[in-house]
Amino acid sequence: MKLRFPLLQVFRRTVSRVIIPLFMLSALAPAGFAQGVTIRFAGDSDVGEGGRWTRRLAEEWAKSTGNKLEYISRPNDASETLQQFQQYWAAKSSDVDAYMIDVIWPGICAPHAVDLKKYLKEDEIKAHFSRIIENNTVGGQLVGLPFFSDAGMLYYRTDLLEKYGFKGPPATWEELATQAKTIQDGERKAGQRDFNGFVFQGKASESVTCNAVEWIYSYGGGTVIDSDKKITINNPQAIKALETARSWVGTISPKGVTTYGEEEARNIWQGGHAAFMRNWPYAYALGADPKSAIAGKFAITVLPKGGENGKHAATLGGWQLMVSKYSKHPEVAADLVRYLCSPEAQKKRALELSQIPTRPALYSDPDILAKTPWFKDLLPVLDNAVARPSTVTGAAYNQVSTAIFQNVNTVLSGGSTPEKAVQQIERTARRVVK
Amino acid sequence: MAKSVELLDYQRKLAWWLILPAVFVVLLVIGYPLFQVLRYSIMEYRLDGVTAPAFVGLANFKYILSDPDFWVSVKNTLIFAFFSVTLEVILGLVVALIANSNFKGRTIVRVAILIPWAIPTVISSQIWKWMFNDIYGVSNIVLTNLRLIPEKIAWLATPETAMPVIIAVDVWKTTPFMALLLLAGLGLISGELYEAAAIDGATGIKKFFWITLPLLLPTLLVAVIFRTLDALRVFDIFYVMVGGQGNMATMATYNRQQLIDYLDAGTGSAASVVILLIIMLFVVLYTRLSKTSFQ
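These notes cover the structure that comes with them. Note that the coordinates shown come from a computational prediction; the quantities given were computed from them, not determined experimentally.

**Points about the overall build of chain A**
Of the regular secondary structure elements, chain A holds 19 helices and 12 strands. Along the longest, intermediate and shortest principal axes, the C-alpha atoms of chain A span 100 × 55 × 50 Å. A sequence separation of at least 24 residues applies to 72% of the contacts in chain A between residues at least 6 apart.

**Points about the nonpolar core**
Counting residues in each nonpolar core, the largest one holds 120 residues, and the members touching the most others are Ala-98, Phe-198, Val-199, Phe-276 and Val-337 of chain A. Of the residues forming this core, the biggest block, 8 residues, is contributed by helix α18 (residues 397-412) of chain A. Aside from chain neighbours lying at most four places away, what touches Val-337 of chain A is Ala-98, Leu-145, Leu-321 and Val-323 of chain A. Membership of the second largest hydrophobic core comes to 34 residues, among which are Ala-154, Ile-167, Leu-232 and Phe-238 of chain B.

**Examining helix α14 (residues 343-353) of chain A**
Residue and element names in this part refer to chain A. Along α14, the residues classified as buried are Ala-345, Gln-346, Arg-349 and Ala-350. Along the axis of α14, the buried residues cluster in a sector spanning 135 degrees; they form a single face. In α14, the exposed positions angled more than 90 degrees off the buried face are occupied by Glu-344 and Glu-352. Where α14 is buried, its residues meet α2 (49-65), β6 (145-151), α13 (330-340) and α15 (366-371). Just downstream of α14, Ser-354 is the residue with a positive phi angle, here 55 degrees.

**Topic: the packing of α2 of chain A against α14 of chain A**
Think of two packed helices as two axes; the pair is described by the angle between the axes and how far apart they sit. Residue and element names in this part refer to chain A. Here α2 crosses α14 at 145 degrees, and the two axes come no closer than 12 Å. In this structure, the crossing between α2 and α14 has a hand that is right-handed. Note on element contacts: α14 touches α2 through Ala-345, Glu-352 and Leu-353, opposite Glu-49, Gly-50, Trp-53 and Leu-57. Here the residues of the contact of α2 with α14 sort into 4 nonpolar, 1 polar and 2 charged.

**Details of α18 of chain A**
Helix length check: α18 of chain A, at 16 residues, gives a terminal C-alpha distance of 22 Å against a target of 22 Å (1.5 Å per residue), a fit within 8%. Positive backbone phi, approximately 85 degrees, marks Gly-414 of chain A, located one or two places after α18 of chain A.

**Side note on the sheet that holds strand β8 (residues 196-199) of chain A**
All names here are of chain A. Sheet architecture is open: 4 strands sit in the order β8-β9-β7-β10, paired in mixed fashion. If you trace the sheet from one side to the other, it starts and ends with β8 and β10 (298-301), each paired once. The average angle at which neighbouring strand axes cross in this sheet is 15 degrees, direction not considered. Where β8 meets strand β9 (residues 274-279), 3 bridges bridge the pair, whose relative direction is parallel. Within β9, the position partnered with Asn-196 by the bridge is Ala-274. Taken strand by strand, helix α8 (residues 173-189) contacts β8 and β9, and its axis lies near 140 degrees from that of β8.

**Overview of the pairing of strand β7 (residues 153-157) of chain A**
For a regular strand, side chains alternate in direction, first toward one face of the sheet and then toward the other. Residue and element names in this part refer to chain A. The element β7 is extensively covered by neighbouring structure, given that 5 of its 5 residues are classed as buried. Of the two faces of β7, the one lined by Met-153, Tyr-155 and Arg-157 and the one lined by Leu-154 and Tyr-156 are each fully buried. Judged from the 4 bridges that link them, β7 and β9 form a sheet pairing that is antiparallel. Bridging from a neighbouring strand, Met-153 pairs with Asn-279 of β9. As paired elements, β7 and β10 share 4 bridges and run antiparallel to each other. When the sheet's bridge partners are listed, Tyr-156 is paired in β10 with Ala-299.

**Here we look at the interface of chain A and chain B**
The accessible area lost on association of the parts is a frequent measure of interface size. Taken together, the contact pairs 25 residues of chain A with 20 residues of chain B. Mapped onto the side of chain A that touches chain B, the elements with two or more residues apiece are α3 (78-90) and α18 of chain A. No other element matches the 7 residues that α18 of chain A contributes to the side of chain A that touches chain B. Grouping the constituent residues of the side of chain A that touches chain B by class yields 8 nonpolar, 15 polar and 2 charged.

**Regarding unusual backbone geometry**
Residues and elements named next belong to chain A. The phi angle at Lys-92 is positive, at roughly 50 degrees, despite the residue not being glycine. Secondary-structure assignment places Lys-92 in the loop between α3 and β3 (98-102). By C-beta crowding, Lys-92 is classed as exposed, having 11 other C-beta atoms within 10 Å. The phi dihedral of Val-224 is positive, around 70 degrees, even though this residue is not glycine. Looking at the element boundaries, Val-224 is found in the loop between α9 (206-218) and α10 (236-248).

Criteria and cut-off values
- Residues numbered from 1 in each chain as written.
- Chains lettered and ligands numbered in written order.
- Predicted model: local features only at pLDDT ≥ 70, side-chain atom pairs only at ≥ 80, totals over all residues.
- Helix = DSSP H or I, 4+ residues; strand = E, 2+ residues; numbered from the N terminus.
- Contact = placed C-beta atoms within 7 Å.
- Core = buried A, V, L, I, M, F, W, Y, C linked by C-beta atoms within 7 Å.
- Buried ≥ 20, exposed ≤ 12 C-beta atoms within 10 Å, placed from the backbone.
- Arc of directions from axis to C-beta.
- Axes fitted to C-alpha atoms, helices over the stretch in contact; angles between N-to-C directions.
- Left-handed = near helix turned anticlockwise from the far one by under 90°.
- Nonpolar A, V, L, I, M, F, W, Y, C, P; charged D, E, K, R; others polar.
- Expected span 1.5 Å × (residues − 1).
- Pairing = 2+ DSSP bridges.

Pasting the structure below:
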């Protein structure tokens, strides 16, 4: 008698009809493809437009060079991204070849990055803003090549300035306070109960650190820690800067500003409820959208000086591309980095996403200026860009920044004095900066 | 007689064999991590993959105990735990008494009160955060329209207003849990006692203080212990609603900051040990208290 196992038959059939042909196909396949390598690239979160754009461009590179590209999306939040990357690096993982890194990370990334000077020609590096290259250089090693840039700027309502008889945007923070107060009082009297003079980022996060660095530098109070690792934050000018910022909260800025990040400030601004705003360039394209309440009614400029003798300051932001030291194909990954940072790619990014290039030459490009004429105003902003003290502090930057944002935030919400705050920041910096 | 002792011995051995797997699991999932935390707490140990770990003795503890931020976080946690647990016990008791009485639609009410407890805390915290937003938040809009407050308040901007808001959100969320525990306790009290009291002519208030409350006390104590330990570990509400604000940190958010933001496993582990000791203090206190009250 013949035993019958239906399951066995199904199994046999599957093997002969599906698995074996598949196996044969896969054995044939490599011959059909070019002899490239696979590069894994951890870029921007591809939920957003920027990430999808980066991914498309990286895939174009793969196609034209005969390599394969795997795009790894990252968390939307920058700090979470860094935590994830640090886990890869602690494990010396060769799974990711190239990373997109924040402007404040080179100090942290340096031990895990190849020196890009080995793979790039000197003129390829020199074509970028020297301040960014300086920021990305740790102990002579070029950790990342600038991908796109960011800097703090002042947004102002041209229609309201005209309405209240001001000739131009404020040159000093003091002037900003006066203008903001006049406009706020006038608009509130006219029935706009929620109108604010000035919105910025006061939230206890990296956002307020960026704002505080601008205030302090503009008053001549230094950069918290200078390039020789000297801790300079405890000085009268820094105290004066924080004192000034504290005086805004509850007068020209809403009390809730101490909980605002970039988006909270932009929502108020774009709804037409503020006369001035400090923000990054991304808010320009959104505000200029025809659907926005303030389209055609605003302009941007450099942030005010701290008093007559102060300086214009803008915190340097933006993203860089680095190649992992643990990569098996660093020269191929470096070629991807070169491609993504090339003049053509940056021009395309400026035209399609209005994001600011890291190459000064592109600021006089006729195509870019035709599409986004406000780029010409950016050159002075970027020339005044101040780096946060991240490159000198390296891995300790997180602790320094936390000390800055927590103490500054407490000053803004009235829980501490500027004198105490700078002492606290100094104390933490002493402990962690070695 | 001798035979039964032998049997006991055999039983005891068997019992050990039977609980061995459980002991093994406990050692694996609690003992080993605890040992690691203790080990890291006396080491300089950074998770950056660059610096090598080194023994530093009690330096991490010295730093934490001298860090004003840590003491602020302890103070915040204690204030939060005291007020939230007290309010939850009182309101939970009221809700339990109502839910325990006989009325139409009792089942629906019992299910409905559990809804806040069923929503994940991160989600309900985010919802409350938006409702307390200074410009768009519904709370400010309602309160200013009713002219109860002269102008919009930035609730989450300063500790003075943020702490009461957070306590209120926690009370909203956890009162149902408390009510459910107490409801179970109420179910255990025999109806005969109330009948007897009624015959003796006791009023409702007398019945509550002489029957309900004393017989509910054991349940109440367990519930309070549960909630206090929970409240001392509070993380999600604070992290979502006021995350990052140094003067609004709790012990758990302080600990996370050391460990995750700073990648400092040494200081982070030392903070864990200190927090463990503080929580243990409460456990000892409560067990003492419950022993005396049970006797």
